[in-house]
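# Structural overview
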Amino acid sequence: MKVERRIISVIVQNEHSVLARITGLFAARGYNIETLTVAPIPDSNMSRLTMETRGNVRVIEQIIKQLHKLIPTYKVIEHEEMIEKEMVMMKFPINESLSNIQALCQAYNGGIANVSSQHIITMVADEPKRVKHFIEAAQRFHPVEIVRGGVVAMERE
Amino acid sequence: MEMTGAQMVIEAMKLEGVDTVFGYPGGAIMNVYDEIYKQHDFKHILTRHEQAAVHAAEGYARATGKVGVAFVTSGPGFTNAVTGLATAYMDSIPLVVISGQVPITLIGTDAFQEIDATGISRSCTKHNYLVRSAKELPLILKEAFFIASSGRPGPVHVDIPKDVTAELAWFDYPTRVDIPTYRPTTKGNVRQIKKASEAICNAKRPVFYLGGGVIHSNSADLVRKFVEITQIPAVETLMARGTLRHDNPLLLGMVGMHGTYQANMAMSETDLMIALGPRFDDRVTGKLSEFAKHAKIIHVDIDPSSIGKLVDVDYPIVGDLKEVLEVMITKVKEHIDPDRYQSWREILKRYNEIHPLKYEDSDKVLKPQWVIERVGELLGEDAVITTDVGQHQMWTAQFYPFTYPRQLITSGGLGTMGFGFPAAMGVKRSRPEKISVNFTGDGSILMNIQELVTAVESRLPVINIILNNHYLGMVRQWQTFFYDKRYAETDLSFQPDFVRLAEACGGIGYRVETKEEFDEALKDAVEKKVVAMIDVIIDREENVLPMVPSGGTLYNMMLEFKE
Ligand SMILES: Cc1ncc(C[n+]2csc(CCOP(=O)(O)OP(=O)(O)O)c2C)c(N)n1
Ligand SMILES: [Mg+2]
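Conventions we followed
Residues numbered from 1 in each chain as written. Chains lettered and ligands numbered in written order. Predicted model: local features only at pLDDT ≥ 70, side-chain atom pairs only at ≥ 80, totals over all residues. Heavy atoms only, no water. Contact = heavy atoms within 4.5 Å. Buried area = accessible area lost by both parts, 1.4 Å probe. Salt bridge = Lys/Arg side-chain N within 4 Å of Asp/Glu carboxyl O. Domains from an automatic or database assignment. Core = buried A, V, L, I, M, F, W, Y, C linked by side-chain atoms within 4.5 Å. Buried < 20%, exposed > 50% of the residue type's maximum accessible area, 1.4 Å probe, protein only. Helix = DSSP H or I, 4+ residues; strand = E, 2+ residues; numbered from the N terminus. Near = heavy atom within 4 Å. Polar contact = N/O pair within 3.5 Å; in protein donor to acceptor, adjacent residues only side chain to side chain. Areas by Shrake-Rupley, 256 points an atom, 1.4 Å probe, with all protein chains shown as cover.

A word on the interface of chain A and chain B. Size of an interface: often given as the accessible area lost when the parts come together. Across the contact, 16 residues belong to chain A and 21 residues belong to chain B. Of the roughly 1,600 Å² buried where chain A meets chain B, counting both sides, 48% is carbon and sulfur surface. Among the residues chain A hides against chain B, the three largest losses belong to A:Arg21, A:Arg58 and A:Ile71. Together they make up 41% of the total. Where chain A touches chain B, the interface holds 2 salt bridges. Between A:Arg58 and B:Asp312 there is a salt bridge; the shortest N-O distance is 2.7 Å.

It is worth spelling out the domain arrangement of chain A at this point. Residues and elements named next belong to chain A. Parsing chain A into structural domains produces domain 1 (3-78) and domain 2 (83-155). Each of domain 1 and domain 2 has a C-alpha centre, and the two are 28 Å apart. With 9 residues of domain 1 at the contact, the number on the domain 2 side is 7 residues. Across the interface of domain 1 and domain 2, roughly 590 Å² is buried in total on both sides, 52% from carbon and sulfur atoms. The tally of links between domain 1 and domain 2 comes to 1 salt bridge.

All names here are of chain B. Ile 200, Leu 276, Ile 298 and Met 328 are the most contacted members of the largest nonpolar core, which has 60 residues in total. Here the element with the most residues in this core is helix H13 (residues 321-335); it accounts for 6 residues. The contacts of Ile 200, once residues within four sequence positions are left out, are Phe 226, Ile 232, Leu 272, Ile 274, Ile 298, Met 328, Val 332, Ile 336 and Tyr 341. Ranked by size, the runner-up nonpolar core spans 39 residues in total, among them Met 3, Tyr 33, Ile 36 and Ile 147.

Moving on, we get to the environment of B:Lys309. By the secondary structure assignment, B:Lys309 is in the loop between strand E13 (296-301) and strand E14 (315-318). Relative accessible area serves as the criterion here: at 25%, B:Lys309 is assigned to the partly exposed category. C-alpha separation for the pair B:Lys309 and B:Gly509, spaced 200 residues apart in sequence, amounts to 47 Å. The residues contacting B:Lys309, other than those within four sequence positions of it, are A:Arg58 and A:Gln62.

Another aspect to go through is the site of ligand 1. All names here are of chain B. By nearness alone, 17 residues border ligand 1, and Gln 391, Gly 415, Ser 444, Gly 473 and Met 474 come closest of all. His 392 places a side-chain nitrogen or oxygen 2.9 Å from an oxygen atom of ligand 1. Considered on its own, ligand 1 offers 580 Å² of accessible surface; in the complex 76% of this is hidden by protein. Elements supplying a minimum of two residues to the shell around ligand 1: helix H16 (391-399) and helix H19 (473-482). When residues of the shell around ligand 1 are assigned to their parent elements, the largest contribution, 3 residues, is made by H19.

Listed below in structure tokens is the structure:
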């Protein structure tokens, strides 16, 4: 069976150890988590987790069912038609060209986040594939640090 | 009313109709035990090990379908209980297990007898709670009982810090619960049921594959009716034994690794498998790629994650088996022609004639199968049977004449040695009118032997029948078959004197080597109504057959062992 990449969002009750339940489930059943993003949903007692995972059809189906089976799980969204974004921050030495870096960031929906006496910090939020390309393109400015966030996703409609 | 957390626990038990709690005290749960001392609503049975407390609660739950309850203290009390939780989890048994915890103020400090109990129980419970304050307690306890007993049942663990048991709060026990994130589907999809019903009427070689879900959903009566109307043959998993009477001609016997030849052949040659509440365990399916190769599959289960987990299903139906069967039976009834399966039934009958379940009896040495059949003849439906794990467990499942659901109580999914005796105490407690018989092994019985004391003290006259082969027999059998008889650490020739051991604890012991001695011992134990240990010396080398070697295919059974 073919292994595919899937983005799944889970809406859970905000309660003690709910995150441990989810990561524990993945660990116990040998499922993959590539990225994981968690934050409370405003004005509610729920949180939203967005996870990027990999598996064949049967595994993905089990992941969804098992997530659903957890008592604090309110909803599992198996994204099909979605907008997905990922964020990355990169740090460059101050002696690299600020204007070239800025131009590159702008091409990827981002910009300069901070400039100090030592470093330039940039921030880009874009589709995961484009973020990957951005990181590749930025290599020639000799980045000293890269921090990627997990994927977040929203259904188109 | 305002009360302490400890008092709330007691009140909740009362309101949930709990009549028995099995448990063991300790520092962190002393406030609760102090309240137990003051009350008369339920009986507390002091087991001599926390594992036994949970198994006893399981025995209670398995025999009745009611929620079993156990109390343990923090740290080692809780860790001792984990095997019980895992056993119940694997077999979907409703339990509420309450553990003490160090005070909230000490959590996370590696305090004396502190362990991350909910962290440990997370993967072997249906759900668990760490209680943060007494005011949360009424709702948590209500939810615990509700979650344990609804949907796919399972154990729920509630960890209560000591300061919470002392804290005062308002007690208002909810009469009902509604958990927005937990709403099991009970009503099956009608269109899907209709399609499945049509498939049943159009099949040529259908077979019922009955699993533990039949027992949990109390659907055995409906299943009996369904089988009767359709005249479709049925196999039972270990967990479903007793769904059909043993003498029902449509019952093909147990399926799987030690199932009957006809049951396994039916599963291999069927064109429509009607799976009612089983979970396609590897001990049943054998090699998956060969399993039910020619069949369409109907799978009814209350747990969606059970459906399609291992095998692709053509007619998935999520719902409570009872509700689904009620609809399905009326639909099938309209169109069914039981005669169309006549030639299929005859094929299976032929299979059984060629390779029936059998053993070779002997005059020289007792055969375990004879002992089990004999108990069946003498006690029959008066006995509720528990087992430990090993060869004796499989022989019991094969040879005891079960006549009703919940008559066999055994650790199926986890296969926990040491389960049988404490579970039998729970059975006796919940069904005092029955004779509680535990078929056990010389290995297994020692894993909770201390319960002799509990059973005698609490007047729970369990009859333990040790099928004594002086081996860890099941492991020895695998060594014989697959490891050239290298008997690594399975010889149990060195043994305690079980008769004196029983007597030392206030029970009664018998050692038997002949059929006459066995009959006498059993009769005596039944009459005396005391905790008994019948040490039955059996043929050491007897094997459980037939057998599907693990990873093998169901249609390729080892029918006998040739040197
Ligand atoms: C707690 C536990 N430890 C180990 C095992 C592995 N095991 C399965 S059957 C068995 C042998 C049981 O021996 P006995 O109770 O004498 O039963 P017999 O097979 O001889 O009938 C063992 C060790 C187990 N199932 N449970
Ligand atoms: Mg043995």
